[in-house]
Amino acid sequence: MSVLAQFAVNGIVAGSVYALIALGFALIFTASRVFHFAHGGVYTFSAFAGYTALVTLKLGIVAGFLAAIIVAALIGLIINILLYEPMKAGGVSPFVAMISSFGVLIIITHVTAMIWGSNPVVLSPGGQTTVYHFGSIYTTDAQLLIIGFAAVLAIALWIFFRHMRLGIAIRAMGNDSELAEVVGMPARRLRNISFIVGSGLVGISAMLIGLNVGIIDFNMGMDIILMATVAMIIGGLGNVGAAAGGGFVLGMIQNIAIWKIESKWQMALSFAILIVVLLFKPSGLFGEKRPATGL
Amino acid sequence: MEYFVYIGTLIAIYATLTISLNLLVGYTGLISIAQAAIYGVGAYVTALLALHVTNDLLVSFALASIAGILVSLIVALPSLRLKNEYFLIATMGFQAIIFSLFMNLDITGGASGLYGIPHPALFGYTIRTSFEMFLLAVTLAIICYLLALRITRAPFGRLLRAVREDQTAVAALGKSVFRIKFSIFIFSAVFAAAAGTIYTYSLTAIDPVAFGLDESVFIITLVIVGGTGSLNGSVLAAAVLILLPEAFKFIAIPDAIAPQLRQVLYGLLLVFFTRYRRQGLIGEYRDVLK
């Protein structure tokens, strides 16, 4: 029984990790309708920026987080201004921007490897996290922070997009940018803000996750952005709260499945779930009843 | 000399892969990101056959193609029901699942892959030299090019383009959009798998990394850089993008960052062409990526 409980706790932690990445990813998707795969690159790069401030320059934990947040927000903003906005203005569909985004992901990932090397580096040497025991179940302060932060953010963003005028306006803009401009919304600025906030969030997530795992490496953004994509789709597209829910469900399933299925099949299992959801419930588990797919 | 033969073989393999994917992406508007997985299925089936059953080249081609067709059936049946982004993501899902099978099954040798693959035999003659393999790769690329040319110029080719431009109109004419898409998917898979056969026999060792998501994105990059809907463009892009990083070897770039620089270059090309030149180097259909 306690084994299952430990799996469930691990599931909550993993689910919160996916939820954190999916939140920023979904925020950006809601505002711009772009599958911003480069988000995975921003995640990696900001973790290394935090590493430089925290470990190399020994500026302390606050500076580490600040470096990660600022660098992430800047890169996200630059990608939107230099790539997505001109494409949108040129009448190119978000679908092409999605393909472009793969290119940006590859560039950032390998530039990170060129700057910091292709070997993993230690972000948090042992002893920086405190381990808590609840009976036979254990967790750490970094994990509790991840769970708390993911929960607070998910609820805050859900309220913002459901019940606040600006949030509803941003969703409307995602559906039809031209119409939003016609009614006087500063669409460009709102999208820029969404990229700054969404990317800044991934900076915080990168540091939290990096501190929890202990080591970071240049390739880590690739897998995490795939999981965020799965989370966003199984949760429900165009809905930030649903994406977080999807991340949570994904993490739980992966970790409870370890009971019966070897962990090496986690990736395959996640994508199998994705395909089943795409086919049978394309609006996602928590999304609106509006099919996002056709034919 | 050996080096140039090797590069030439690689170019021929990638030209085959790029043409086969271009039929989906450029002509039919199906942006599939599972091409490397099907290529890998061809490669693994060939390697397993050669190691355990037979190294007969024609048998290898036949069984690799059949395996490629079967796997692409599994990929196509659900994915083809989805549109645009969702089609791409579904194929990406299958790419990840198939890669995971290469990586984790016992029979595929896990992360270290399969090695010590014997040379292939054609009508009892054993193909030993890399130059003969090069000729074989070029022959496959030429056959693929000519068949693709024939298909795209035939009435069926016009149907493909019609599907790309307006599916509803094609359906209104009483044609089955699904059947058209399905047929081209299968055709594309045969050549991707055959390219895998050549790859396995050329390298005599394979591992999963050559058939991952990065590789699928690379083949898409080749299609886009060459020009969606241009067969000549696909060949040109394969040649240019394989040769370009080789130039790094002749200028003073440290070995440690050369592979990274190569990826950065490919990423930059993908971004540049999707942003500034969506018709590719010599493509004509600007509207495929719209």
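All values derive from a computational prediction rather than experimental measurement.

J.: Lay out the overall build of chain B in plain terms, naming residues and giving numbers.
T.: Along the backbone of chain B there are 11 helices and four strands. Its C-alpha atoms give chain B a radius of gyration of 18 Å, near enough to 19 Å, the size a compact globule of 290 residues would have. On the principal axes, the C-alpha backbone points of chain B span a range of 55 × 45 × 35 Å. In chain B, 80% of the contacts between residues at least 6 apart in sequence involve partners at least 24 apart.

J.: How would you sum up the overall build of chain A? Please name residues and give values.
T.: When you go through chain A residue by residue, the secondary structure sums to 11 helices and four strands. Relative to the 2.2 N^0.38 estimate, which gives 19 Å for 295 residues, the radius of gyration of chain A is 19 Å and therefore close to what a compact globule would have. Over its C-alpha atoms, taken along the principal directions, chain A stretches across nearly 60 × 45 × 30 Å. With 295 residues in all, chain A has 53% of them scored as buried.

J.: Please set out the interface of chain A and chain B residue by residue, giving values where relevant.
T.: In this assembly, 36 residues from chain A lie in contact with 31 residues from chain B. Counting residues per element, the side of chain A that touches chain B draws most heavily on helix α4 (residues 94-116) of chain A, which supplies 14 residues.

J.: Explain helix α8 (residues 187-213) of chain A to me, and be specific about the residues and the numbers.
T.: For α8 of chain A, which comprises 27 residues, the first-to-last C-alpha distance of 38 Å matches the rise-based estimate of 39 Å (1.5 Å per residue) to within 8%. Just past α8 of chain A, the residue G214 of chain A takes up positive phi, approximately 100°.

J.: Before we move on, can you summarise the environment of V240 of chain A with the specific residues and values?
T.: Residue and element names in this part refer to chain A. Inspection of the secondary structure assignment puts V240 in helix α10 (residues 240-257). Residues V240 and L23 lie 217 residues apart in sequence; the distance between their C-alpha atoms is 5.8 Å. Not counting chain neighbours up to four residues away, the residues in contact with V240 comprise L23, A26, L27, T30, L157, W158 and F161.

J.: Which residues make up unusual backbone geometry, and what values do they have?
T.: All names here are of chain B. Notably, N84 is not glycine yet its phi reads approximately 35°, a positive angle. One can find N84 in helix α4 (residues 84-104). A residue is classified by how many C-beta atoms lie within 10 Å of it, and N84, with 16 of them, is partly exposed. One non-glycine residue, T204, lies in positive phi territory at about 55°. Tracing the backbone through its elements, the reader meets T204 in the loop between α8 (177-203) and β4 (205-206).

J.: How would you summarise the pairing of strand β2 (residues 131-134) of chain A if you had to cite specific residues and measurements?
T.: Strand residues, when the strand is regular, have side chains that alternate between the two faces of the sheet. Residues and elements named next belong to chain A. Note that β2 and strand β3 (residues 137-140) share four bridges and pair antiparallel. In the strand pairing of β3, F134 is matched with I137. Between the end of β2 and the start of β3, which pair antiparallel, lie two residues, with G135 showing a positive phi angle near 65°.

J.: Let's hear about helix α6 (residues 165-175) of chain A: which residues, and what values?
T.: One turn of the α-helix equals 3.6 residues, which is why residues spaced by three or four share an orientation. All names here are of chain A. Of all the residues in α6, the buried ones are I170, M173 and G174. Seen end-on, α6 carries its buried residues on one side only, within an arc spanning 100°. Turned more than 90 degrees away from the buried face of α6, the exposed residues are R165 and N175. Turning to α6, the residues buried within the fold contact α1 (2-32), α7 (177-182) and α8.

J.: An account of the packing of helix α11 (residues 266-280) of chain A against α4 of chain B is requested, with residue identities and associated values reported.
T.: The geometry of α11 of chain A relative to α4 of chain B is characterised by a closest axis approach of 8 Å and an angle of 150° between their N-to-C directions. Taken together, the axis directions place α11 of chain A and α4 of chain B in an arrangement best described as roughly antiparallel. The element α11 of chain A and its partner α4 of chain B pack so that their crossing is left-handed. The segment α11 of chain A lies against α4 of chain B, with M267, A268, F271, A272, L274, I275 and L278 of chain A engaging Y86, A90, G93, A96, I97 and S100 of chain B. When grouped by side-chain class, the residues that make up the contact of α11 of chain A with α4 of chain B number 11 nonpolar, two polar and no charged.

J.: I'd love a proper account of the confidence of the model for chain A, names of residues and values included.
T.: The predicted model of chain A has a mean per-residue pLDDT of 87, with 95% of residues at 70 or higher. A low-confidence stretch, residues 291-295 of chain A (pLDDT under 50), is modelled with 14 contacts involving residues beyond four sequence positions or located in other chains.

J.: Describe the packing of α1 of chain A against α6 of chain A, with residues and values.
T.: Direction vectors running N to C along α1 of chain A and α6 of chain A enclose 65°, while the axes themselves pass 5 Å from each other. Across from T30, A31 and S32 of chain A in α1 of chain A, the residues of α6 of chain A making contact are I170, R171, M173 and G174 of chain A.

J.: A description of the nonpolar core should follow, citing residues and the corresponding values.
T.: Grouped burial of nonpolar side chains is what soluble globular proteins tend to show. Residues and elements named next belong to chain A. In terms of nonpolar packing, the biggest core is built from 200 residues, with A22, L23, A68 and A231 touching the most fellow members. Of the residues forming this core, the biggest block, 16 residues, is contributed by α1. Not counting residues within four places of it along the chain, the set of residues in contact with A22 comprises A228, A231, M232, A243, A244, G246 and G247.

J.: Summarise the confidence of the model for chain B; cite the residues concerned and give the values.
T.: Residue and element names in this part refer to chain B. Across chain B, the average pLDDT comes to 89, with 97% of residues at 70 or higher. Between the elements of chain B, mean pLDDT differs from a low of 82, seen in strand β3 (residues 125-126), to a high of 94, seen in helix α2 (residues 35-52). Here the prediction assigns the complex a pTM of 0.91, and the interface score ipTM is 0.90.

J.: Explain the environment of V209 of chain B residue by residue, including any values.
T.: Residues and elements named next belong to chain B. Tracing the backbone shows V209 in the loop between β4 and α9 (213-226). Looking at V209, the number of C-beta atoms within 10 Å reads 13, which means it is partly exposed. Taking the C-alpha atoms as reference points, V209 and G109, separated by 100 residues in sequence, lie 12 Å from one another.

J.: Explain the environment of A38 of chain A residue by residue, including any values.
T.: All names here are of chain A. Here A38 lies in the loop between α1 and α2 (39-56). Considering only alpha carbons, one finds A38 and I106, 68 residues apart in sequence, at a separation of 7.9 Å. Among residues more than four places away in sequence, those in contact with A38 are I79, S101, V104, L105 and I108.

Rules used throughout
Residues numbered from 1 in each chain as written. Chains lettered and ligands numbered in written order. Predicted model: local features only at pLDDT ≥ 70, side-chain atom pairs only at ≥ 80, totals over all residues. Helix = DSSP H or I, 4+ residues; strand = E, 2+ residues; numbered from the N terminus. Rg over C-alpha atoms; globule rule 2.2 N^0.38 Å. Contact = placed C-beta atoms within 7 Å. Buried ≥ 20, exposed ≤ 12 C-beta atoms within 10 Å, placed from the backbone. Expected span 1.5 Å × (residues − 1). Pairing = 2+ DSSP bridges. Arc of directions from axis to C-beta. Axes fitted to C-alpha atoms, helices over the stretch in contact; angles between N-to-C directions. Parallel < 35°, antiparallel > 145°, perpendicular 65-115°, else oblique. Left-handed = near helix turned anticlockwise from the far one by under 90°. Nonpolar A, V, L, I, M, F, W, Y, C, P; charged D, E, K, R; others polar. pLDDT = per-residue confidence, 0-100. Core = buried A, V, L, I, M, F, W, Y, C linked by C-beta atoms within 7 Å.

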